[in-house]
Amino acid sequence: MIKTEGLAKAYKDVQALNGLSFTADDGQITGLLGPNGAGKTTCLRSIYGLIKADAGYAEVDQVNAAENPLEVRRRIGIFPDKFGLQERLTAREHVAYFAALHGLQGQALKAAVDRVIADLDMQEIADRRTAGFSQGQRMKVALAQAIVHQPQNLILDEPSRGLDVMSTRILRQLLYRLREQGRCILFSSHVMQEVAALCDHVVIMVAGQVKAEGSPQALCERTGKASFEDAFVTLIGTEEGIML
Amino acid sequence: MSSVFLTIWRKEMIDAVRDRRSLMAAMSYALFGPLLMAVAFLVLIKDVVSERDVRVHIDGAEYAPALVEFLESRRILAGNDEHPAQDIWLTIPEDYQSRLERARPIPIIVRSDYSERNLQSQRSRLESALREYNQTIAMHRLTLRGISGEVIQPLRVERQDTATKGSRAALVLGMVMVFVLMSVFFSGMNVAIDTSAGERERNALEFLLAQPVATHILVAAKMTAAATFAILGGVLALLLIPAVFLFVPLEKLGIDFAFSPMDQLVIALTLIPLALFASILQLFVSFRAKSFKEAQTYISLVMFAPMAAVFALEFSRFEHPVLQLLPVTSQHHVLFSTIAGQPIAFIPVLIGGLVTLLLTGLLVWVVTRMLRSEKVVFGL
């Protein structure tokens, strides 16, 4: 479970987060939807403790992110905003490295790596160096390194950007599978179709604040609009920075 | 905790070994220094040991065949087409023989541009040969008149060189040791850049920092990986020096070069703190850079300082007790004493090493703080 309460963060002249509060529950896919520059990445970074909020706090499984970042990071898997691969390592070494950083060792580590490679259907590329991988293959490695330690919570920052159809399907299937296992999934996006299709719970944020939240249907009902798209535009009051 | 350290170190090592650029950079500095010195010495020895022929213009050689023959025995020859004469003219007068027979002074002219420094040594060789010939004739004349030649030699100057073979070696080989220090600084440089600025350039830094790893362990492991390369470069240079100098006849310069495995071991050990210090310094600089190229620019500026210090010490022979305690200069001191054949004073060596490690620790702390700062990490 991931929770933020009154998160605020200002950069020089920009108020990136302005009292952001929401909860992402276990067994649900929660989408953080907002236009570009709404503060999505800043919010996720403060959850894994790379950014210190000016006010408020973020919690993962009731552990405070600012006070105990290492414990929080043990409980989450991260698919970051920009992911770069270690191009001189093979996909398997790559995943094993991050598994080891999460404290897995010996047989347990090997089993975890084998399992995630099988889960993501990446046996064919497992022993190739990641330099020259296609976007889809790179994404599989990034997903594998995020979930190899079987985290209870998974955070994805704009996971579907630049993905082809096949890769999007891989991602979607993975997220559904993790939801069935009762894990908490939080992802940010500015692509509405994706959020509408995938999420059980949507948090719409604009200018660092929550504008509305609920299931896609609930949001449609609340605004009296037939489509989620119209509901969304009504809620944020602008069409700027949104991809339909 | 330590297993995470080892994991990161091992990964960085694999990464670096697979990176041709890092590997080549590490090895080339270690190879380059000793080889360069060997070539320099070979040239130097040739220059010093084999006296080259001096070619001059001789006017009136036919009037004084004995003098010309004597000059030839001192390898001072008249120029010809194959070996053109230098701009030094020796003029022997027509009445040389008759003046010699009458024991009258014979005007011999040595004409040359005396402000021309290049010809300095040739001129003085010619003049000293003439002086020697002068002396020989004078001796003969005195002996003929029943007077011992010693009466015109009130002073006899004898040179006694107090330089030991070791100290002379130190003078020359100090330069070689500078190359050992340099290879420590340069061998790990590429790894240090790749593991910091390179990581950022690949967009891998944020993800790495979001792992459940204490930042200081991350920094220490990356530093140790770069330092491993640095120390390997230094050790390679150390091993190469005796190997290379096997082929250089240093004894012709009167240099006794003994570099025992024990010396090498002691030097290698003193280089370990230096390697760590150099690596964390490089990390400190390149974690601030946005790209590999930018880091290279900054680092070459920063690396200039310790190198300048070593070269300055090497040439000025400046000594001060504090220098034995500071990083770089303390290690330089140890290296220098070893080749000068002086016994190693272990207390200053230990203190120098400890001070270096202390500064290294301080820099680890600074870099750790840097990586916790969102400003540095995200460039906000």
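Residues numbered from 1 in each chain as written. Chains lettered and ligands numbered in written order. Predicted model: local features only at pLDDT ≥ 70, side-chain atom pairs only at ≥ 80, totals over all residues.

Colleague: In this structure, what is going on with the UniProt feature "transmembrane region" (unreviewed entry) in chain B? I would like to understand it.
Modeller: Residue and element names in this part refer to chain B. UniProt annotation of "transmembrane region" (unreviewed entry) refers to residues 23-45, 169-192, 204-221, 228-250, 265-285, 297-316 and 344-367 when read in the numbering used here. Measuring from the first to the last C-alpha atom of residues 265-285 gives 30 Å, for a span that is 100% helix and 0% strand. Measuring from the first to the last C-alpha atom of residues 297-316 gives 29 Å, for a span that is 100% helix and 0% strand. (UniProt positions renumbered as here; feature names shortened; annotations may be inferred. Helix = DSSP H or I, 4+ residues; strand = E, 2+ residues; numbered from the N terminus.)

Colleague: Explanation requested: the pairing of strand 3 (residues 88-91) of chain B in the structure shown.
Modeller: Consecutive side chains along a regular strand alternate between the two faces of the sheet. Residues and elements named next belong to chain B. Judged by which residues are buried, strand 3 turns out to be one-sided: I88 and L90 face inward and are buried, whereas W89 and T91, on the alternate face, are not. Alignment of strand 1 (residues 54-59) against strand 3, held across three bridges, turns out to be parallel. The residue of strand 3 that forms the bridge with H57 is W89. By the bridge criterion, four bridges tie strand 3 to strand 4 (residues 109-112) in an arrangement that is antiparallel. Bridge pairing in strand 4 places W89 opposite R111. (Buried ≥ 20, exposed ≤ 12 C-beta atoms within 10 Å, placed from the backbone. Pairing = 2+ DSSP bridges.)

Colleague: When you look at the sheet that holds strand 3 of chain B in this model, what are you seeing that I'm missing?
Modeller: Hydrogen bonds along the backbone pair up the strands of a sheet, which may run parallel or antiparallel. Residue and element names in this part refer to chain B. Read from one edge to the other, the open sheet built from four strands follows the order 2-1-3-4, with strand pairing classed as mixed. The sheet is open, and its two borders are formed by strand 2 (76-78) and strand 4, each paired with just one other strand. This sheet shows a mean twist of 35° between the axes of neighbouring strands, independent of strand direction. (Axes fitted to C-alpha atoms, helices over the stretch in contact; angles between N-to-C directions.)

Colleague: So what exactly am I meant to see when it comes to the sheet that holds strand 2 (residues 14-24) of chain A here?
Modeller: Residues and elements named next belong to chain A. Taken in spatial order, the four strands line up as 2-1-4-5 in an open sheet, and their pairing is antiparallel. Two strands close off the open sheet at either side, each with one partner strand: strand 2 and strand 5 (63-64). Sheet analysis places strand 4 (residues 55-60) next to strand 5, joined by two bridges and oriented antiparallel. Across the sheet, the residue bridging to E59 is N64, located in strand 5.

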